[in-house]
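Close look at the chain arrangement
If you want the building blocks of each chain, they are given just below.
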Amino acid sequence: MTLEALSMDCRSLCASVVTYGINSVGQLTPLNPYYSSVEFLAPPAVFVAGEDDIDACLVGTTEQDILVAFRGTIPPNIHSQESMLDWISDLTDEPIAVPGIAGKVHQGFWQGLSALWVPLLKEIKQQTAATGLPLHITGHSKGGALASLAALRLKQETDIAPASVITYASPHPGDSDFAKQYDLEIPYHSRYEYGNDIVPHVVPDAAFIDAVAHLPELGKFCKGMENWDYSGVGVLQFIDWNQKHIVKASSELHIERLIRLAGAIAAGKFAEIIDAHSASSGGGYMGGICSSSCAGG
């Protein structure tokens, strides 16, 4: 299917980019044109928490909805294999069991959400009660994983059911048993992934580990993760390498993606791989989801 600008998907991506304007003391610098594209009625509430305040999110109201957006991990500046491995190691952690949730979830992502949870939940309740508007949850990179965990936790712990979850470049939030429960309880989740972005393959599943086993550094990096059984959640919306089509999930697509990514790593195209993760204007996510008239896409 040919990509068109879908308002909710584009605005959610813009909101995800806006979260990168949150600093460590909870101040938000409006990043335009993304901030203006979301059309918040008032400055959103901002929260930071966790070690060195590395976890952040915002809650804001528009005329159509309430948006909860989680901030992702800042990409590395040095385009090298060592830098790339340091970067993705920040998204890698063992799965842990959480009471009331099937399977296991990523320990670091769960802890990050928990650090934000009490004030975040209070703000969500206040804005939904004041407006009666539908709630949408979003995030890019690590923020996508936190968005998924937040959606399920919100549904389980409150009477507020998110109207949708839209994530971009999200790493895996939990194992396959968690993913099965999540997809049953949150059936309205679109998971956007693009080209040779490596982050959606993190924490690596068995197929990815097999695909990179012959690559000395990355194969060594993945050693010991074979039985963690991580999996993506939601319905995959894959933006192809040319940013022209959305390709639905299939075994053929999965194999092609692994072959292309492994080839790019073997060829030392680390700058290309890291750049593929960008959510900003000029990147594959913005170019694929937003039209030229939206958010600088």
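The structure this text deals with has already been given above.
For clarity, every value in this text was computed on a predicted model and none was experimentally measured.

The next thing to look at is the overall build of the protein. Along the protein, the regular secondary structure elements total eleven helices and twelve strands. For the protein, the C-alpha radius of gyration of 18 Å lies close to 19 Å, the compact-globule estimate for 297 residues. Overall, the C-alpha framework of the protein stretches about 55 × 45 × 35 Å when taken along its three principal axes. Buried residues in the protein amount to 55% of all 297 residues. Sequence separation of 24 or more characterises 72% of the internal contacts of the protein that already satisfy a separation of 6 or more. Total accessible area computed for the protein in this model is approximately 12200 Å², and 52% of it derives from carbon and sulfur atoms. The positive charge centre, built from 17 side chains, and the negative charge centre, built from 33, are 2 Å apart in the protein.

Another aspect to go through is the packing of helix 4 (residues 107-131) against helix 5 (residues 142-157). Running from amino to carboxyl end, helix 4 crosses helix 5 at an angle of 55°, the nearest separation of the two axes being 10 Å. The angle between helix 4 and helix 5 places the two elements in the oblique class. Here the hand of the crossing between helix 4 and helix 5 comes out right-handed. Residues Phe109, Trp110, Gly112, Leu113, Ser114, Leu116, Trp117 and Leu121 of helix 4 touch helix 5, and the partners they reach there are Lys142, Ala145, Leu146, Leu149, Ala150, Arg153, Leu154 and Glu157.

Residue placement: Val17 occurs in helix 1 (residues 7-18). Taking the C-alpha atoms as reference points, Val17 and Glu94, separated by 77 residues in sequence, lie 27 Å from one another.

For the rest of this paragraph, the subject is the sheet that holds strand 3 (residues 66-70). Spatially, 1-2-3-6-7-9-11-12 is the arrangement adopted by the eight strands of the open sheet, whose pairing is mixed. With one partner strand each, in any of the chains shown, strand 1 (45-49) and strand 12 (246-247) form the two edges of the open sheet. Across five bridges, strand 6 (residues 135-140) lies against strand 7 (residues 164-168) in parallel orientation. Pairing of Gly139 across the sheet is with Thr167, part of strand 7. Packed on one face of the sheet, helix 4 meets strand 1, strand 2 (55-61), strand 3 and strand 6 and runs near 0° to strand 2. Packed onto the sheet, helix 5 meets strand 2, strand 3, strand 6, strand 7 and strand 9 (189-194) and runs at close to 150° relative to strand 6.

For the rest of this paragraph, the subject is the nonpolar core. Ranked by internal contacts, the top residues of the largest apolar core, which has 57 residues, are Phe70, Leu120 and Ile137. Those residues within four positions of Ile137 in sequence are excluded, and the remaining contacts are Val68, Phe70, Ala147, Ala150, Ala151, Leu154, Pro162, Ser164, Val165 and Ile166. Membership of the second largest hydrophobic core comes to 30 residues, among which are Ala15, Val17, Tyr35 and Ile239.

In this section: helix 4. An ideal rise of 1.5 Å per residue puts 36 Å on 25 residues; helix 4 measures up with 34 Å between its terminal C-alpha atoms. A maximum bend of about 60° is found in helix 4 at Trp117, where proline Pro119 lies one to four positions downstream. Residues of helix 4 that are buried sit in contact with strand 1, strand 2, strand 3, strand 5 (105-106), strand 6 and helix 5. Looking one or two residues past helix 4, Gly132 carries a phi angle of roughly 70°, positive in sign.

Moving on, we come to the state of the cysteines. A full pass over the atoms with the stated rule returns one disulfide. A sulfur-sulfur separation of 2.0 Å characterises the disulfide bridge that pairs Cys10 with Cys290. Measuring the twist about the S-S bond at about 115°, one finds the Cys10-Cys290 disulfide to be right-handed. A residue pair is termed long-range when its members are at least 10 positions apart, and Cys10 in helix 1 and Cys290 in the segment after helix 11 (284-289) qualify at 280 residues. Under the relative-accessibility criterion, Cys10 is labelled buried at 5%. Given a relative accessible area of 4%, Cys290 falls into the buried group. The thiol of Cys14 is unpaired, and the distance to the nearest cysteine sulfur, on Cys10, comes to 4.4 Å.

The rules behind each value
Residues numbered from 1 in each chain as written. Predicted model: local features only at pLDDT ≥ 70, side-chain atom pairs only at ≥ 80, totals over all residues. Heavy atoms only, no water. Helix = DSSP H or I, 4+ residues; strand = E, 2+ residues; numbered from the N terminus. Rg over C-alpha atoms; globule rule 2.2 N^0.38 Å. Buried < 20%, exposed > 50% of the residue type's maximum accessible area, 1.4 Å probe, protein only. Contact = heavy atoms within 4.5 Å. Areas by Shrake-Rupley, 256 points an atom, 1.4 Å probe, with all protein chains shown as cover. Lys, Arg positive; Asp, Glu negative; His and termini not counted. Charge placed at Lys NZ, Arg CZ, Asp CG, Glu CD. Axes fitted to C-alpha atoms, helices over the stretch in contact; angles between N-to-C directions. Parallel < 35°, antiparallel > 145°, perpendicular 65-115°, else oblique. Left-handed = near helix turned anticlockwise from the far one by under 90°. Pairing = 2+ DSSP bridges. Core = buried A, V, L, I, M, F, W, Y, C linked by side-chain atoms within 4.5 Å. Expected span 1.5 Å × (residues − 1). Bend = angle between axes of the 7 residues up to and from the residue. Disulfide = S-S within 2.5 Å.

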